[in-house]
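# Examining the three-dimensional arrangement
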Amino acid sequence: MQHIRRATEYKSQALIRTMAECCNSFNMRLGVHEILFRTTISVFGSEEQKEAYMQRIDAYDVVGSFAMTELGHSSSLRDLETTATFDKIKDEFVLDSPTLTSTKWWIGMVGQTATHTVILAQTIVDGDNVGLNWFILQLRDIETGNLMPGVLCGDVGAKAGRDGLDNGWIQLSGVRIPRTAMLMKLCSIDRDGNVEGPMHPALMYATLIPERFTLTFASNVTVGKALTICLKSPDATMSATRKLQLAPILAGLIVNQVAEKTIMKFWERVQELGEDPTSEAYLALLPDVHSISAGLKATITWWTADVLFICQQAVGLSAKLGASFGSIGRAIQDWGVMTTGGGDNYTLAEQSARYIMSNLKRALKTEGAKKPKSFTGSVSYLNRVQNILAFTASPFRLMEMEKMFAWCISLFETLTLKLGQRLLSGIEDRKAFWNQNMVDLNLLR
């Protein structure tokens, strides 16, 4: 707890960013507090709640975590078991973990550090489940670090990587919190138990989107460090073939850096619409944003994992670079969690593919059918579906870079649509279709 507070006392974003680049665990600790905990209160909290907490969060007077995942259900929200039962007499919610499988599990900074958490729970009013809601819960005394009454927390123990992040578990037994601890911007419960809401189910996952987008930054840092180790290798220790392997990685790193800036600017525009999360414009945009974040997260974390393995091989035979080899090995361990944490990559790739396929199906409707609405966002290219499918290669000179880039993009669009068109043909059993074509569907991400 004190380590984080000391680091933030400098109030220098450049220094904090540098520290985050040097230590993956410190980087993730900041991410849990600033991206998950803070964003949840910002999106779902009322103006009064934000006024009460945001300044304390930014000053690290409280250190926050994000308690969504459960031991028996991962991030399958409909199955979550943690309950928040409203007690009208005392105007309080009673939080409970009724089963072993309802234990909040793998929660960053809960093992030793977090003083508070935002916790997702099934909300019970007058015996009826009125849906999932977020609650602010104090886990530890701010001064002593002792656990609050009814709260049990522990560390999950040694992991394959990022041991500097104290992933932990939470169990609750009759923990009472005031009614006003429920985040009430989108769904509220008054003193008499009257419910106004509930919120749109899709909004529950909205807090995970910025975490996935920031993986472009994490990838750039990780790949940049590994590539630097390789490129500083003495010429005698690396063959020309190995060097050839590193060239596309360097190019990919440059693309990622451009993508990071583009994506974060895009997310800033989305956040402006998110000031009113119930607006039609925001809710209409959310499926596209989710698809982008899901596909991006899967693609970039798999690519980074592959890059680290290539870099490890490139320096693996050098006795002089033993320490560097070890650094890449530790980076592989640290990065491994990224392919499953925040959403399993295969699941996210399938979600992105479903979004593309459903839009492609609308775009390929026969002439007699009603013309679909125009496509926007990441699938806006489907407005040109017939032109794309009719694409043929045209000659260009090697040095005509602009034409070459345009040709590559057109070729990628065509291959994507033709693959999707083939997969859509003859669908009878939707479940069997997904199971039989899982590999090809992942190529659409």
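Structural data are supplied above this passage.
What you see is a predicted model; the values in this text were computed from it and never measured.

Counting 34 residues, the largest nonpolar core has I41, V118, L120, W134 and F213 as its most contacted members. Ranked by residue count, the leading element in this core is helix α3 (residues 24-44), at 5 residues. Contacts of V118, omitting those with residues within four sequence positions, involve F37, T40, I41, S65, F66, A67, W134, F135, I136 and L183. Counting 29 residues, the second-largest nonpolar core is a separate cluster that includes L95, L139, I177 and C187.

With that out of the way, let us pick up unusual backbone geometry. The phi torsion at Y60 lies on the positive side, around 60 degrees, for a residue other than glycine. Positive phi values are uncommon outside glycine, yet W106 reaches one of about 65 degrees. Tracing the chain through its elements places W106 in strand β4 (residues 104-107). Residue classification places W106 among the partly exposed residues on the basis of a relative accessible area of 38%.

Residues E268, E272, E275 and D276 make up a contiguous surface patch of negative charge. Relative to the helices and strands, E275 resides in the loop between α7 (240-273) and α8 (280-315). On the accessibility criterion, E275 (59% relative accessible area) is exposed.

Here the focus is the environment of V62. Inspection of the secondary structure puts V62 in the loop between α4 (47-58) and β1 (64-67). In this structure the C-alpha to C-alpha distance between V62 and T117, which are 55 residues apart in sequence, comes to 9.6 Å. Setting aside anything within four residues of it in sequence, one finds V62 in contact with H33, F37, R56, I57, T115, H116 and I142.

So, about the packing of helix α6 (residues 215-231) against α8. Direction vectors running N to C along α6 and α8 enclose 10 degrees, while the axes themselves pass 10 Å from each other. Of the possible angle classes, the one that applies to α6 and α8 is roughly parallel. Between α6 and α8, the residues in contact are L215, T216, S219, T222, V223, A226, L227, I229 and C230 and L296, K297, I300, T301, W303, T304, V307, L308, C311, A314 and V315, respectively. Within the contact of α6 with α8, the residues separate by chemical class into 14 nonpolar, 5 polar and 1 charged.

Cut-off values and rules
Residues numbered from 1 in each chain as written. Predicted model: local features only at pLDDT ≥ 70, side-chain atom pairs only at ≥ 80, totals over all residues. Heavy atoms only, no water. Core = buried A, V, L, I, M, F, W, Y, C linked by side-chain atoms within 4.5 Å. Buried < 20%, exposed > 50% of the residue type's maximum accessible area, 1.4 Å probe, protein only. Helix = DSSP H or I, 4+ residues; strand = E, 2+ residues; numbered from the N terminus. Contact = heavy atoms within 4.5 Å. Patch = residues over 30% accessible without salt bridge, like charges linked within 9 Å, V, L, I, M, F, W, Y side chains within 5 Å. Areas by Shrake-Rupley, 256 points an atom, 1.4 Å probe, with all protein chains shown as cover. Salt bridge = Lys/Arg side-chain N within 4 Å of Asp/Glu carboxyl O. Lys, Arg positive; Asp, Glu negative; His and termini not counted. Charge placed at Lys NZ, Arg CZ, Asp CG, Glu CD. Axes fitted to C-alpha atoms, helices over the stretch in contact; angles between N-to-C directions. Parallel < 35°, antiparallel > 145°, perpendicular 65-115°, else oblique. Nonpolar A, V, L, I, M, F, W, Y, C, P; charged D, E, K, R; others polar.

Scope: geometric values only; no functional claims are made or implied.
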